[in-house]
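Structure at a glance
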Amino acid sequence: MRIVFKTDYMQDIRPWKDGFQLSLYMLLLALAVVAPFLLDTFYIGELTNVLIWAIAGLGLMVLTGHTGQASLGHAAFLAFGCYANIILIEQGIPFLIAFPVAGILTGIVGAVIAIPALRLHGVYLAIFTLALSILTDDLIVLSEPLTGGVAGKYAPPVGVFGLQIDRWGTPDLFYWLTLAVVVLVTLGYINLLRTPLGRSFIAVRDSEVSAQAMGVDIARTKTVSFGVSCMVTGWAGALMGLYAVAFNNETFSVVISIQLLMMIVIGGLGSIHGAFFGAVVIGFLPQFLSISKEYVGAVFGGGSVAIPGLEFGIFGMILILFILFEPMGIYGRWLKIRTYFELFPFYRKDMFKRQKSYLKTERLR
Amino acid sequence: MENLQLLISGLANGCVYGLIALGFVLIYKATEAVNFAQGDFMMLGAFVTIGLTNTEYMDLPFWVALPISIGLMAVLGYLLDRFVIRQMFGESQTAVVILTIALGFVIRFIAGLIWGHEPQTLQNPLAGRDVTFGGLVLGMEDVAVIIVTVLLTAALFAFFSRTKLGLAMQASSQNQLAAYYMGIPVKRVQGFIWALAGAVACIAGILFAAKGAVDPNTGLMGIKAFAAAVIGGFGSLPGALMGGLIVGVIEPFASRYIAAGYSQVAPYALLLAVLIFRPHGLFSQVRVKKV
Amino acid sequence: ETQGVTDTEVLIGSVNDLSGIFAAVGVPAVKGANVYFDKVNAEGGVHGRQIRYIVEDNGYQMPRAMQGYNKLLNRDKVFAMYQSLGTPMNIAGFKLLDPKGIPNVAPLSAARQMLMEPVNNKFTSFSSYYDQAIVGTKYLVEQFGGEQVCSMYLPTDFGKEILEGTMEGAKEAGAEFVAETTHKPDETDFVGSLSKLNEEGCDVVSIALGVRQAITIVGTAKKMGLNDMKFLGTSASFLTVVAQVPGGVTEGFYAAASWQDLWARAEEPAPKAFIEEYKAATGEDPVGFAMLGYAGAKMLVMALEKAGPDLTHESFIAAMESLEYQDDLVGNYMTYGPDDHQGADSVYVSIVENGMWKKVHEE
Amino acid sequence: MSLLEIENVTLKFGGLTAVDNLSFSVEEGEVFAIVGPNGAGKSTVFNLISRFYDPYAGAIRFDGHDLLQVKPSGVAAYGVARTFQNIELFEHATVLQNLLVGRHRHRRTNILSEIFFAPSAKRQEIENREKVEEVIDFLDLQAYRDKMIAGLPYGVRKVVEVARALSTDPKLLLLDEPASGLSVEETTDMRWWIDDIRRQMGITVLMVEHDMGLVSGVSDRVLAMADGAKLAMGTPAEVQSHPDVIEAYLGHAA
Amino acid sequence: MSEAVLKIRNIESFYGPIMAIRGVSLDVRQGQVVSILGANGAGKTTLMKTVSGVMDPEKGTIEFEGEQIQGMEPHTIVNRGIVHIPEGREVFPLLTVNENLSLGAYTLKDKAQIERDRELVFSYFPILKERRNQEAGTLSGGQQQMLAIGRGLMANPRIMLLDEPSLGLSPLLVQEIFGILRRLNEEQNMTMMLVEQNASAALELAHHGYVMEVGRIVMDGPASELMESEDIQNFYLGVQEEGVRENRRWKRKKTWR
Ligand SMILES: Nc1ncnc2c1ncn2[C@@H]1O[C@H](COP(=O)(O)OP(=O)(O)OP(=O)(O)O)[C@@H](O)[C@H]1O
Ligand SMILES: Nc1ncnc2c1ncn2[C@@H]1O[C@H](COP(=O)(O)OP(=O)(O)OP(=O)(O)O)[C@@H](O)[C@H]1O
Ligand SMILES: [Mg+2]
Ligand SMILES: [Mg+2]
């Protein structure tokens, strides 16, 4: 049982609890940095993919997890970020400028879209954003001169400090690029959460009335939250475009919007960890299943299609199990495991048995 | 004349959306959960009926297969609640939504496994028969769809507002704890509503399959029905029908009068417009909390 | 040392849709291919090498497709790709295949981009949607003296290809392209669009929509009494189920495809033998795409044979380029050459008659 | 000039007049209590001041500002803080975070300095923490600082509500039934706290309360309402002995 | 003395890792009013919830009329005749007052009886009759509390668990509520378990009292005796409360701690 004695306000304000926790995270970061020397190209590619999903997850987490505004349309912002980035690069703007600008533009678009959406809650907001996501497909086709329409666009290798980075050619460099974005976004997110803006997000999520009574401007907060969320999502989209190398109107479909939401719920709503946990599940589980069919050939029918779609079916079942097992998301479970060790040896067998719990209507605002 | 024809067929089509939307609303009304697998329920209901009645499968007479499949889907709805959804009792609705999305994956997989991925049509006695009055042509299926939808909506509406059980359902969605304090068997009530939603989905599926064809991905149509339910004001049964009709009618008129490239976005553009002006749909069920 | 080739094995990959909206294409195609590969393997393989066909399911989603490519090329290290499905997915894959010179054989997409530059490592079996639409449109215009041509399509790559082909076909046949309507994959009611096309006086209408939608459109048109309007599908609608819709709903529907219907020729020796073999192996009746999977696999094996024991990408590509044979199963004459990476050039126009596809024209 | 002025305010819900041409004013530095039967419109008056409702008629002025011109969040910005009768805390946050939200109106940083946690943001955080700690010490909440609201007993939540309102550093504090659900012992604490809030912190208090012991113990003036209108006003003793108040509110046995 | 209808033995209840009730035993006899006093967070509400089945105890038994009911689904317990009127006005906010009341009688069949009860409730709380078609969520705090009590009365229970029934009610209504409870107890011999912060009113009504602190019962006895106890007087009845300002930080230690 580890007890932390607090002697200074900074101990609560800084993002880590104590030196031990900090060193764990530093170790994790160090491992992430040297990963390309430890893993082969395939796994580096997958890791990059997971990290990109994690960025997208962080983006959605701001809005849904911390501000309580469910969005089923974030693929639209992925698309916007992706196209903005490539179009800017095609205009001859260097990547190091185009990339941040792409995110910021997406953020601005998100904030503008937030304005009509301000009065919406719950399912209504979800379906509003879902419709946006569906319309994006058509908008891309309709703005063909800009987007290349159905033929789509290709991502060229991008130059960063004189290095030419490209997904397939230099997977390690691309991985580090992604990792850098992940680290920066995560740090920014952590900072946000420990300052007034982040707390006003949480306030809006938990109670709009009392947030107002505390001087939080709901409309502004939601707009900013949309903006920040979409900005981060835009960056994820830009990276996703570079990762896919070729993309068109069909690339960022509604299915991706839905998967993004699944991801953060399964990871654990309202926590930064959750975005990462969720990204591992949504980003890597299908691939894991696909790999494991080599080992359980009998079930999957080896290389053949004995049972078509089995992977997706099993994927669905595993997601169901995840949620049944831990409705609070993986992060929720993680917290429990941590409590278990922290309380060691003072734990009880039934400590995490689920108590009966009851819901109240969310139709009252 | 032409516009009348568009209107009529739009209404018939809107009724199908309305029917699927009813399923969404039923579950929402009684549990406040959004069942994203409702479209897949419909698809499954259609396939179950096809499996019972089509010649290449069990080849039962249509009118025999009909009640069996509706019953089967009701049982399935109940079992799903009993063994899956109920485990999530009292957990956040977001988690339930995600659960139903995942459930949709599994249902689609199972349907593909059993019935394959090619589109199939339901063999039914209404197929190919038309009714014409005054130059308007309407398929028998369309007539059936309209009648069934209107009757079903009215019946469910009466059920919710007139019966004790209906009231108890609304109560359990608003405050599960208080519902228990009243002695309402909340879980059993919810099981019942899932069964009902299964049956309604099956009816929708049958009518849908009679009008066109189904494949395992038909359930994606559920999204449009979901939109319809939201336009109507999620949680209102007449609203669901209304929303369905609006979406159904807007479609043919849009394809008829709006330029190619833009016409297909009409229902979604309409949805956005409705929500901007009426943030909680036409028949709003959302209230400002009194503090 | 070429990747994916050992003394005992050659790895072939595919990024396919076994569960998404195109599973109706992907699943039978992969099954058909496997029937043939299994047969070859049972007979000792090609030059002593067993063929291992690894299929990654992408559910018709881009991110999953990219993961599939990553796995096949970086982990499994396949020798060649065979029958990957989906235009955007294939195009994205090219970025990875081309630098490594990995062949992409017979993709399940009839878009013209399947032979985009560099063409060197790309081989298609059939003519494109574009060509199919041209031939079909021309035929119908000429046959029925139609003057007004129209198109109903999904605003996607697939739809646009067919739209352009229809326009070109109309031009070549001296007819006018007068109207178009766009749709969504989840659209189920076409009364509005058909009224519009009727109003515009369309005689020939090409359809670039999902199978389910094509069936509905033809049925709706009948109900509306639009008996003079001729509907033309492409290989995407050229399915046996379309012909077999109960109630004769699809009677009179045309499709221009780059192969011939399997069941219409079920009595001919090659299709007959295939049907029996497939049934014996899988216990199901084959559909058209199973036939394509099987026939393509046969072609791949032919090229592997021809490339000789020393299998490299160069030797394989050279072998592919030298292929020339009559494929009785599909009913196509396949020729490849250094400047010709498209196997068959024919387009067949068929019509639904008595629940069967019947070939009416060939070009 | 009074700190808060309510002038001829009327509010109707459909056919029901919840507040009926009501006028009163609260002077700087006093504790002003509103009493009245259930449904008299007391909470509605609070909600009008908080701008959750728009009055049909009348004016509400605070410290020289016309409150009807601002959004609900603007009311807090002028220095009006409130608690809620039925407890409206941020359930999925800790007590500390709840109180820190109360500091929102003093935010000086912008989004950029927050994302980069610039020195200004850091200074502001430490300052916020100090203020909040003062409140925590004042209301004896140390033991609950890092607890989630969701698991706190009713009585503690009531205190956290007061603490959160105090954290905003208000000029006027609106308390809606601060002592309901508190035990006698806790009510006594509350009474002293309100006293200190007024005396030590110089905050004006407007309070709705049914516990007449508390009302007469701390308040300078009392307004009794019934059916949305004024019934009586004066010192606690005057109001308590007013026959109409006894009839409608206190009952004879009391 | 009559037999105990409700026997609680060694109950332990948890919220996740937090132990809220630590081995509580108590008896409620037929026709008696038992009152539970305790500071904030003592676990009174938790105890009530455990009895009515909305929480499961991890240890211990609850016997109602000779049958063990711990861990049962709450609605079956209601069907046996235990009705819990919860703290914090748990009404159905989007249903009308009338519908709320009808749901109170969910377990009953006799329509005429239900209507009689409804009229009775209306006679206790005339404002509810006036507002019978208003959505419960828009009632004032005190009106919602009245509705919650009225709804509980509609169930015609054998035992009523009342968790702070006087919360947020005007002094006049508090008197009336206690008057009603007394009448119910005396005329209909209704058994009650009552949690109240208004300790004097509660002890006056009750036959027997228990005092809870941090999840345990620290004191119990006949209500009249408790009222005489110095600790109770100090901490729950506020007898010494006329103390001057200087006294406030100095708190007398509770002897049972
Ligand atoms: N949104 C609303 N719609 C309809 N009526 C309302 C609404 N809000 C309040 N009322 C009515 O207005 C009246 C005043 O309510 P208010 O909450 O101000 O009472 P209160 O004086 O605070 O009572 P209590 O002491 O019970 O809290 C009540 O009769 C209530 O039913
Ligand atoms: N949902 C919850 N999660 C975690 N802990 C809880 C929860 N509800 C209550 N507790 C804890 O259980 C203990 C007992 O709470 P309970 O609500 O039973 O107290 P109470 O005696 O009714 O207090 P009050 O007079 O304030 O209503 C408290 O310490 C509280 O912190
Ligand atoms: Mg009030
Ligand atoms: Mg309590």
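Residues numbered from 1 in each chain as written. Chains lettered and ligands numbered in written order. Predicted model: local features only at pLDDT ≥ 70, side-chain atom pairs only at ≥ 80, totals over all residues. Heavy atoms only, no water.

This paragraph deals with the state of the cysteines. With the rule as written, the count across this model stands at one disulfide over all chains. Cysteine 150 of chain C shares a disulfide with cysteine 202 of chain C; S-S distance 1.9 Å. Judged by the sign of its S-S torsion, about -80 degrees, the cystine formed by cysteine 150 of chain C and cysteine 202 of chain C is left-handed. Of this pair, cysteine 150 of chain C sits in strand S6 (residues 148-153) while cysteine 202 of chain C sits in the loop between helix H6 (191-199) and strand S8 (204-208), and the two are 52 residues apart along the sequence. There is no split in this pair, since cysteine 150 of chain C and cysteine 202 of chain C are both buried. In this structure cysteine 82 of chain A is not part of a disulfide, and its nearest cysteine sulfur, from cysteine 230 of chain A, lies 15 Å away. Taking relative accessible area as the criterion, cysteine 82 of chain A reaches 0% and is therefore assigned buried. Since its relative accessible area comes to 0%, cysteine 230 of chain A is described here as buried. (Disulfide = S-S within 2.5 Å. Helix = DSSP H or I, 4+ residues; strand = E, 2+ residues; numbered from the N terminus. Buried < 20%, exposed > 50% of the residue type's maximum accessible area, 1.4 Å probe, protein only.)

Here we come to the coordination of the magnesium ion (ligand 4). All names here are of chain E. Protein-derived coordination of the magnesium ion (ligand 4) comes from Thr45 (OG1) and Glu87 (OE), at a distance range of 1.7 to 2.5 Å. Of this pair, threonine 45 sits in helix H1 (residues 44-52) while glutamate 87 sits in the loop between strand S6 (82-85) and helix H3 (97-104), and the two are 42 residues apart along the sequence. Since its relative accessible area comes to 18%, threonine 45 is described here as buried. (Donors = N, O, S within 2.8 Å, 3.2 Å for Na, K, Ca; no water.)

Another point: the interface of chain A and chain E. Facing 11 residues of chain A, the contacting portion of chain E comprises 15 residues. In total, chain A and chain E occlude about 1100 Å² of area from one another, counting both sides; carbon and sulfur atoms represent 51% of this. Summed over the shared surface of chain A and chain E, the number is two salt bridges. Residues that form the side of chain A that touches chain E fall into these classes: three nonpolar, two polar and six charged. (Contact = heavy atoms within 4.5 Å. Buried area = accessible area lost by both parts, 1.4 Å probe. Salt bridge = Lys/Arg side-chain N within 4 Å of Asp/Glu carboxyl O. Nonpolar A, V, L, I, M, F, W, Y, C, P; charged D, E, K, R; others polar.)

All names here are of chain B. According to UniProt, the "transmembrane region" (unreviewed entry) feature falls on residues 6-28, 35-54, 60-80, 92-116, 136-160, 192-214, 226-250 and 257-277. With 100% helix and 0% strand, residues 6-28 has end C-alpha atoms that lie 32 Å from one another. Across residues 35-54 one finds 80% helix and 0% strand; the C-alpha atoms that close the span lie 29 Å apart. (UniProt positions renumbered as here; feature names shortened; annotations may be inferred.)

In this section: the interface of chain B and chain A. On the side of chain A, 48 residues touch chain B, which itself brings 55 residues to the contact. For the chain B face of the interface with chain A, the top three residues by lost area are Ile98, Phe105 and Phe109 of chain B, together amounting to 13%. At the junction of chain B with chain A, the criterion picks out one salt bridge. Notably, a salt bridge pairs arginine 363 of chain A with glutamate 32 of chain B, separated by 2.7 Å at the nearest N-O pair.

Residue and element names in this part refer to chain D. Protein-derived coordination of the magnesium ion (ligand 3) comes from Ser43 (OG) and Gln85 (OE1), at a distance range of 1.9 to 2.2 Å. Linking serine 43 in helix H1 (residues 42-49) with glutamine 85 in the loop between strand S6 (80-82) and helix H3 (95-102), this pair joins segments that are 42 residues apart in sequence. Taken individually, serine 43 and glutamine 85 each receive the classification buried, so the pair is uniform in this respect.

With eight pairs of chains in contact overall, the greatest share of contacts is found between chains A and B. Across all C-alpha pairs, the smallest distance from chain C to chain D is 30 Å, and the two are not in contact. No part of chain C reaches chain E; the closest C-alpha pair between them is 35 Å apart.

Bringing the sheet that holds S8 of chain C into the picture now. Residues and elements named next belong to chain C. Strand order in the open sheet formed by seven strands is S7-S6-S8-S9-S10-S13-S14, with mixed pairing between adjacent strands. Each edge of the open sheet is held by one strand with a lone partner, namely strand S7 (176-182) and strand S14 (356-362). Mean inter-strand twist for the sheet, computed between neighbouring axes without regard to direction, equals 25 degrees. Of the strand pairs in this sheet, strand S10 (residues 254-257) and strand S13 (residues 348-353) are connected by four bridges, and their pairing is antiparallel. By the bridge assignment for S13, alanine 257 is matched with tyrosine 348. Sitting on the sheet, helix H4 (residues 129-144) touches S6, S8, strand S9 (230-234), S10, S13 and S14, and the angle it makes with S9 is about 160 degrees. (Pairing = 2+ DSSP bridges. Axes fitted to C-alpha atoms, helices over the stretch in contact; angles between N-to-C directions.)

Once that is clear, we can look at the sheet that holds strand S1 (residues 4-15) of chain E. All names here are of chain E. A sheet is described by the order of its strands in space; here four strands give the open sequence S2-S1-S4-S5, paired in antiparallel fashion. With partners counted over all chains shown, the strands left at the sheet margins are strand S2 (18-29) and strand S5 (67-68), one partner each. Relative to S5, strand S4 (residues 59-64) runs antiparallel, the two sharing two bridges. Across the sheet, residue phenylalanine 64 finds its bridge partner in S5, namely glutamate 67. Packed onto the sheet, H1 meets S1, S2 and S4 and runs at close to 115 degrees relative to S1.

It is worth spelling out the side chain of serine 128 of chain C at this point. Residues and elements named next belong to chain C. Its place among the elements puts serine 128 in the loop between strand S5 (122-123) and H4. Note on serine 128: relative accessible area 7%, which makes it buried. Residues in contact with serine 128, not counting those within four places in the same chain, are Ala110, Ala111 and Arg112.

What follows deals with the site of ligand 2. Close contacts around ligand 2 come from 19 residues, with Gly151 of chain D together with Asn40, Lys44, Thr45 and Thr46 of chain E the closest. Two or more chains meet at ligand 2, and those chains are chains D and E. One nitrogen or oxygen atom from the main chain of glycine 43 of chain E is found 2.9 Å from an oxygen atom belonging to ligand 2. Glutamate 87 of chain E has a polar side-chain atom sitting 3.1 Å from an oxygen atom of ligand 2. The set of elements that each furnish at least two residues to the shell around ligand 2 consists of helix H6 (154-167) of chain D together with S2 and H1 of chain E. No other element matches H1 of chain E, which puts three residues into the shell around ligand 2. Taken together, the residues of the shell around ligand 2 break down into eight nonpolar, eight polar and three charged. (Near = heavy atom within 4 Å. Polar contact = N/O pair within 3.5 Å; in protein donor to acceptor, adjacent residues only side chain to side chain.)

All names here are of chain B. A complete count under the given rule lists 13 cavities of 30 Å³ or more for this structure. Computed from the structure, the second largest cavity encloses a volume of approximately 120 Å³. Looking at the second largest cavity, it is lined by 15 residues, and the ones nearest its centre are Ile85, Met88, Gln93, Val96 and Gln190. For the lining of the second largest cavity, a count of residues per class yields seven nonpolar, five polar and three charged. (1 Å grid on protein atoms, 1.4 Å probe; cavity = no way out; pocket = protein on both sides within 12 Å on 5 of 7 lines; lining within 4 Å. Points joined across faces, edges and corners; volume = space filled by probe spheres on them.)

Attention shifts here to a nonpolar patch on the surface. All names here are of chain A. Taken together, Met26, Leu29, Leu31, Val33, Val34, Phe37, Leu38, Leu39 and Tyr43 make up a surface patch of nonpolar side chains, about 820 Å² in accessible area. A total of seven residues in the nonpolar patch trace back to one element, the largest contributor, which is helix H2 (residues 19-38). With respect to the secondary-structure elements, leucine 31 resides in helix H2. (Patch = residues over 30% accessible without salt bridge, like charges linked within 9 Å, V, L, I, M, F, W, Y side chains within 5 Å. Areas by Shrake-Rupley, 256 points an atom, 1.4 Å probe, with all protein chains shown as cover.)

Every one of the 23 residues lining ligand 1 counts as a neighbour, but Ser43 and Thr44 of chain D together with Arg131, Ser140 and Gly142 of chain E are closest to it. Surrounding ligand 1 are residues belonging to chains B, D and E, so the site spans chains. Between an oxygen atom of ligand 1 and a main-chain N or O atom of alanine 40 of chain D, the distance comes to 3.2 Å. In this structure, histidine 210 of chain D approaches ligand 1 through a side-chain N or O atom, which is 3.0 Å from an oxygen atom. Burial of ligand 1 by the surrounding chains reaches 93%, relative to a free accessible area of 630 Å². Mapped by element, the contributors of at least two residues to the shell around ligand 1 are strand S2 (16-26) and H1 of chain D together with helix H6 (141-153) of chain E. Split by residue class, the shell around ligand 1 holds six nonpolar, 13 polar and four charged.

This part covers the environment of tryptophan 53 of chain A. Following the sequence through the fold, tryptophan 53 of chain A ends up in helix H3 (residues 41-66). Along the sequence, tryptophan 53 of chain A and arginine 194 of chain A sit 141 residues apart, while their C-alpha atoms lie 24 Å from each other. If we ignore the near neighbours within four places in the chain, the residues touching tryptophan 53 of chain A are Met240, Ile256, Gln259, Leu260, Met263, Ala279, Ile282 and Gly283 of chain A together with Pro63 of chain C.

Successive residues of a regular strand alternate their side chains across the two faces of the sheet. Residue and element names in this part refer to chain D. Buried residues dominate strand S9 (residues 221-226), accounting for five of its six residues. In this sheet, strand S10 (residues 229-234) lies alongside S9 in antiparallel orientation, the contact comprising five bridges. Along S10, the bridge assignment pairs methionine 225 with lysine 230. Between S9 and S10, which follow one another and run antiparallel, lie two residues, and aspartate 227 among them has a positive phi close to 50 degrees.

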